[in-house]
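This is what each chain is made of:
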Amino acid sequence: MLDVGKLATLRAVVAHGSFSAAGQALSLTQPAVSRQVSLLERQVGTQLVRRTQQGVLPTEAGRLLVGHADAILGRLALAEAEVADIAGLRRGRLRLGSFFTALVFVSSQLAALLEQRHPELFAGRDQVVEDALVDRRAALRGLVAGELDLAIVFEHAFEPRRLGSDSDGVEVVPLFDDPPRVLLPAGHALAGAAEVRPRDLARDTWIRAHNGSAARLVDHVLAGAGVQPPVLLAGHGDEPVEAQAFVAAGRGVTVAHELNVLIAPQQIAAVPLAGGAPVRRVQAAIMREQRAPLARAALDALVEVGRRR
């Protein structure tokens, strides 16, 4: 493979018309310049320059190689400038994995704070934060595989999760606690209460997801209160919007987290759950060896977003 340094030397010799002038431009001695050109000629197997009374002139092969050298060195200069921009947080792309409501709320807050701190990042038309909707397991897997740079994940306080062997090297950083809220139809008798106990709603129908952590949250709250109200199943997964739609329609009540409340705020009253538990711990996840400037700047911004909440 051709040596970039020798190509740069050949280009300087042709541009300046002499070995000595090229040496001055490159901070090399004249013999060093001559030696590099000779080595390059030996490598390609043909003469590249001729010494004449008018100076050093390129052969046909030399002119061809200098043309390619211009393109190669130009691309290297561009690459060097672009890497410098990434290192200086003047450009870059962050692949961010988030659960649903973190993608809706926290990601936008992160982008706003990053733009405030590093406005040059957002000066172009390129998208800086590239969002991916993932659950905790997929987020950790994406980080390990190099498919994500940073992730926002959560765990319930009543079922803390340990990082498995498939998540070696992942660092989890606490951001904020997402408190529980009882979601009531706006016309419910307790909609204006300062807080609500599950036993106060023992006769109400409770909306519960078919499965997922949202279902386990409802089960945990009801079991802790020792009540067994009628249950209506709606939705699946960690943050079922269907449950909120049923509450808004007056079909029942449920418990979710503050960040979860997405729809029909005029039709749903979100009342603190008495005792303030169980919280949902919202966290950032990143590979420990991740030193990319934008990923680390985004982690710092996420910590600040969490502090402000």
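Keep in mind it's a predicted model, so treat the numbers as computed, not measured.

Draft legend 1. Structural detail: the overall build of the chain. What the chain contains, in helices and strands, is nine helices and twelve strands. Its C-alpha atoms give the chain principal-axis dimensions of about 105 × 40 × 30 Å. Taking all 309 residues of the chain together, the buried fraction comes to 42%. Long-range contacts, defined as pairs at least 24 residues apart, comprise 74% of the intrachain contacts of the chain with a sequence gap of at least 6. When the accessible surface of the chain is summed, it comes to about 16100 Å², and 50% of that surface belongs to carbon and sulfur atoms. A distance of 3 Å separates the average location of the 34 positive side-chain charges in the chain from that of its 33 negative side-chain charges.

Draft legend 2. Spatial organisation of the nonpolar core. With 31 residues, the main nonpolar core has Leu 94, Val 106, Leu 110, Leu 114, Leu 150, Ile 152 and Leu 302 as its most contacted residues. Contributing elements (two or more residues each) for this core: β3 (94-98), α5 (100-117), β5 (150-156), β6 (170-178), β12 (280-287) and α9 (293-308). Not counting chain neighbours up to four residues away, the residues in contact with Val 106 comprise Thr 101, Ile 152, Phe 176, Leu 259, Leu 302 and Val 305.

Draft legend 3. How the structure looks around helix α1 (residues 4-16). Helix length check: α1 (13 residues) gives 18 Å between terminal C-alpha atoms against 18 Å at 1.5 Å per residue, within 8%. Where α1 is concerned, the buried positions are Lys 6, Leu 7, Thr 9, Leu 10, Ala 12 and Val 13. In the core, the buried residues of α1 are packed alongside α2 (19-26), α3 (30-44), β1 (49-52), β2 (55-58) and α4 (60-87). Where α1 ends, the next residue or the one after it, Gly 17, has phi of about 80 degrees, a positive value.

Draft legend 4. Inspection of the pattern of salt bridges at higher detail. Applying the stated criterion across every chain, the model contains 16 salt bridges. One salt bridge in this structure joins Asp 149 and Arg 95, with 2.9 Å as the shortest N-O distance. Of this pair, Asp 149 sits in the loop between α6 (136-145) and β5 while Arg 95 sits in strand β3; the two residues are 54 residues apart in sequence, bridging distant segments of the chain. Arg 95 gets classed as partly exposed once you look at its relative accessible area, which sits at 23%. With a closest N to O distance of 2.8 Å, Asp 219 and Arg 208 form a salt bridge.

Draft legend 5. Seen up close, the packing of α1 against α2. It is at 8 Å that the axes of α1 and α2 come closest, and there the two elements cross at 125 degrees. Looking at the two axes, α1 sits oblique to α2. As α1 packs across α2, the resulting crossing turns out to be right-handed. Contact residues: α1 offers Ala 8, Thr 9, Ala 12, Val 13 and His 16, while α2 offers Phe 19, Ala 21, Ala 22, Ala 25 and Leu 26. Counted by class, the contact of α1 with α2 contains eight nonpolar, two polar and no charged residues.

Criteria and thresholds
Residues numbered from 1 in each chain as written. Predicted model: local features only at pLDDT ≥ 70, side-chain atom pairs only at ≥ 80, totals over all residues. Heavy atoms only, no water. Helix = DSSP H or I, 4+ residues; strand = E, 2+ residues; numbered from the N terminus. Buried < 20%, exposed > 50% of the residue type's maximum accessible area, 1.4 Å probe, protein only. Contact = heavy atoms within 4.5 Å. Areas by Shrake-Rupley, 256 points an atom, 1.4 Å probe, with all protein chains shown as cover. Lys, Arg positive; Asp, Glu negative; His and termini not counted. Charge placed at Lys NZ, Arg CZ, Asp CG, Glu CD. Core = buried A, V, L, I, M, F, W, Y, C linked by side-chain atoms within 4.5 Å. Expected span 1.5 Å × (residues − 1). Salt bridge = Lys/Arg side-chain N within 4 Å of Asp/Glu carboxyl O. Axes fitted to C-alpha atoms, helices over the stretch in contact; angles between N-to-C directions. Parallel < 35°, antiparallel > 145°, perpendicular 65-115°, else oblique. Left-handed = near helix turned anticlockwise from the far one by under 90°. Nonpolar A, V, L, I, M, F, W, Y, C, P; charged D, E, K, R; others polar.

Nothing here speaks to function; it is all geometry.
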